[in-house]
Amino acid sequence: KMREQEPYLIAETTVRQEAGKPESSGFRTVARYIFGGNKPRIKMAMTAPVRTSSAGEQMSMTAPVRSTSDTRRQATKVSFVLSSKYSRRTAPVPLDRAVCIKQIPCHVLAVRSFSGGPPSARRVAKKRSN
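Throughout what follows, the structure given in this document is the object of discussion. A quick note: this is a predicted structure, and the numbers were derived from the prediction, not measured.

**Section: the overall build of the protein chain**
Next, step 1: Along its length, the protein chain carries two helices and ten strands.
Next, step 2: Ordered by position from the N terminus, the helices and strands of the protein chain form the series β-β-α-β-β-β-β-β-β-β-β-α.
Next, step 3: Taken over 130 residues, the protein chain has a buried fraction of 35%.
Next, step 4: Entry remark: accessible area of the protein chain is about 8900 Å², with carbon and sulfur atoms responsible for 52%.

Structure representation (structure tokens):
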């Protein structure tokens with residue numbers, strides 16, 4: 001199936017890969033933002049989808065985080081999708097300068113239903129090498 005995804009906002013941070021597990025560090029940074037590390041210090045709901053992507057390829061998941069690896073710069077971007085009730089004007093301002101609010105434009109996605117959790121990183125790497 002094909003689906004048109006309306007524009008939405010993300011709260012995003014970039015973590016250097018030397019930092020150990022960049023997804024964990026980035027997750028904590030952005031989680032602080034949605035759990036009150038913002039002006040006016042409000043707690044927001046953690047929304048789905050979580051989006052994970054590697055080296056520019058995007059793949060929607062069914063939990064709340066998005067990460068993108070840039071192997072040339074050794075950096076990983078991690079983001080949460082904000083609730084649709086926020087706009088660029090009304091989204092709470094991050095207190096941590098490492099977090100930025102970005103709008104993802106309207107785009108078309110191929111979607112497929114599945115049951116169970118997301119595949120492991122090992123399984124994804126194996127599929128990509130085929």
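Here the narrative resumes, following the displayed structure.
**Observations concerning unusual backbone geometry**
Next, step 1: Residues other than glycine seldom take positive phi values, yet R41 does so here, at roughly 60°.
Next, step 2: Mapped onto the elements of the fold, R41 is located in the loop between strand 3 (38-39) and strand 4 (51-54).
Next, step 3: Residue R41 is classed as exposed on the basis of its relative accessible area of 60%.

**A closer look at the side chain of T29**
Next, step 1: Following the sequence through the fold, T29 ends up in helix 1 (residues 22-34).
Next, step 2: Taking the relative accessible area as the measure of exposure, T29 reaches 10% and is therefore buried.
Next, step 3: Dropping the residues within four chain positions of it, T29 is found in contact with T13, D96, A98 and V99.

Rules behind the numbers
Residues numbered from 1 in each chain as written. Predicted model: local features only at pLDDT ≥ 70, side-chain atom pairs only at ≥ 80, totals over all residues. Heavy atoms only, no water. Helix = DSSP H or I, 4+ residues; strand = E, 2+ residues; numbered from the N terminus. Buried < 20%, exposed > 50% of the residue type's maximum accessible area, 1.4 Å probe, protein only. Areas by Shrake-Rupley, 256 points an atom, 1.4 Å probe, with all protein chains shown as cover. Contact = heavy atoms within 4.5 Å.

That is the geometry; function is a separate question.
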